[in-house]
Amino acid sequence: DLMSLFQHRECIAITWDDAQRVYGVKVRVDKRQTLRVLKAVVGADPEKAFSENLKNVHSGLNPNENHLLLLGGDVPSSVCVEMFIPRMPLADVHHAIAFELPRHVPTDINEMTWGFRLIINEEDEEDESKPYRARVLAVNSKEWNQLVGDLTSSAIKIDAFIHPFMAVDPDLLGEGVQLS
């Protein structure tokens, strides 16, 4: 649960758009469960490399070792799918998704790097008849390797890469989020 990550510390989130303009925020959830935006920074200098804009946005947010750093943004070749798979031991889920994924991805799965997130609602957790809901992100491997190279050359410590599609929690659908 992504919101639980915010309960004990501040978080920095950095994203980018299709033109590789970089945006960052530093947030904190206070005692009233209000998400407070502490600072926001934009790095959109077209004269600088993507990795340099990442680094500048990160440093502009005044990070420290207590901040959780989440990154995720536009990846042109990404394919995001949501699928339902039967309940099974968690150790077998990866293989089940690997079996089903070629039907959902328009290119050769062997040229893709992919990962998944299981979304299990609390009320469904005990009900063995309900299938798992899996969100899958697949990216062209060459493009993924280029992105990892850019992230590495930015020299910032990243706790997690989360594509925006993977981060949205359906349990929050229809719930208000208070920003201050």
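Structure: see above.
Residues numbered from 1 in each chain as written. Predicted model: local features only at pLDDT ≥ 70, side-chain atom pairs only at ≥ 80, totals over all residues. Heavy atoms only, no water.

J.: Whenever I open this one, the side chain of asparagine 53 confuses me. Can you help?
T.: With respect to the element layout, asparagine 53 can be found in helix α2 (residues 50–60). Of the residues examined, asparagine 53 reaches a relative accessible area of 4% and is grouped as buried. Excluding residues within four positions of it along the chain, asparagine 53 makes contact with Val22, Gly43, Ala44, Asp45 and Lys48. (Helix = DSSP H or I, 4+ residues; strand = E, 2+ residues; numbered from the N terminus. Buried < 20%, exposed > 50% of the residue type's maximum accessible area, 1.4 Å probe, protein only. Contact = heavy atoms within 4.5 Å.)

J.: For this particular structure, what's the right way to read the packing of aromatic side chains?
T.: Taken as a whole and assessed by the stated rule, the structure comprises four aromatic pairs. Taken together, a centroid distance of 5.2 Å and an interplanar angle of 75° make the contact between tryptophan 16 and phenylalanine 50 edge-to-face. Taken together, the residues span a long stretch of sequence, with tryptophan 16 in strand β1 (residues 11–16) and phenylalanine 50 in helix α2 at a distance of 34 residues. Like tryptophan 16, the residue phenylalanine 50 is buried in the burial classification. Consider the rings of tryptophan 16 and phenylalanine 161, whose centres lie 6.2 Å apart with planes at 45°: the pair is tilted. Of this pair, tryptophan 16 sits in strand β1 while phenylalanine 161 sits in strand β8 (residues 160–161), and the two are 145 residues apart along the sequence. Residue classification places tryptophan 16 among the buried positions, given a relative accessible area of 5%. Taken together, the ring pairs in this structure connect Trp16, Phe50, Trp144 and Phe161 into an aromatic cluster. (Phe/Tyr/Trp six-rings, centres within 6.5 Å; stacked < 30°, edge-to-face > 60°.)

J.: When you look at the sheet that holds strand β3 (residues 35–43) in this model, what are you seeing that I'm missing?
T.: Paired through their backbone hydrogen bonds, the strands of a sheet run either parallel or antiparallel. With mixed pairing, five strands are arranged side by side in an open sheet as β3-β2-β1-β4-β8. The two strands at the open ends of the sheet, each matched to only one other strand, are β3 and β8. Both β1 and strand β4 (residues 68–71) contribute to a ladder of four bridges, which runs parallel. Within the sheet, the bridge partner assigned to isoleucine 12 lies in β4 and is leucine 69. (Pairing = 2+ DSSP bridges.)

J.: What exactly am I supposed to notice about the sheet that holds strand β5 (residues 79–85) here?
T.: Spatially, the three strands line up as an open sheet ordered β5-β7-β6, and their pairing is antiparallel. Edge strands, defined here as strands with exactly one partner in the open sheet, are β5 and β6 (112–119). With direction set aside, neighbouring strand axes in the sheet form an average angle of 25°. Pairing analysis gives seven bridges linking β5 to strand β7 (residues 132–140), with the strands arranged antiparallel. Within β7, the residue paired with valine 81 across the bridge is valine 136. Across the face of the sheet, helix α3 (residues 90–100) comes into contact with β5, β6 and β7 while running at roughly 130° to β6. Along the sheet, helix α4 (residues 141–153) contacts β6 and β7; its crossing angle with β7, the most-contacted strand, is approximately 80°. (Axes fitted to C-alpha atoms, helices over the stretch in contact; angles between N-to-C directions.)

J.: I would appreciate a short explanation of α3 in the present structure.
T.: Because each turn of an α-helix spans 3.6 residues, side chains separated by three or four positions in sequence point in the same direction. Those residues of α3 not exposed but buried are Val93, Ala96 and Ile97. Taken around the axis of α3, the buried residues stretch over an arc of 100°, which confines them to a single face. Of the exposed residues in α3, the ones pointing more than 90 degrees away from its buried face are Ala91, His95 and Phe99. Its buried side turned inward, α3 meets β5, β6 and β7. (Arc of directions from axis to C-beta.)

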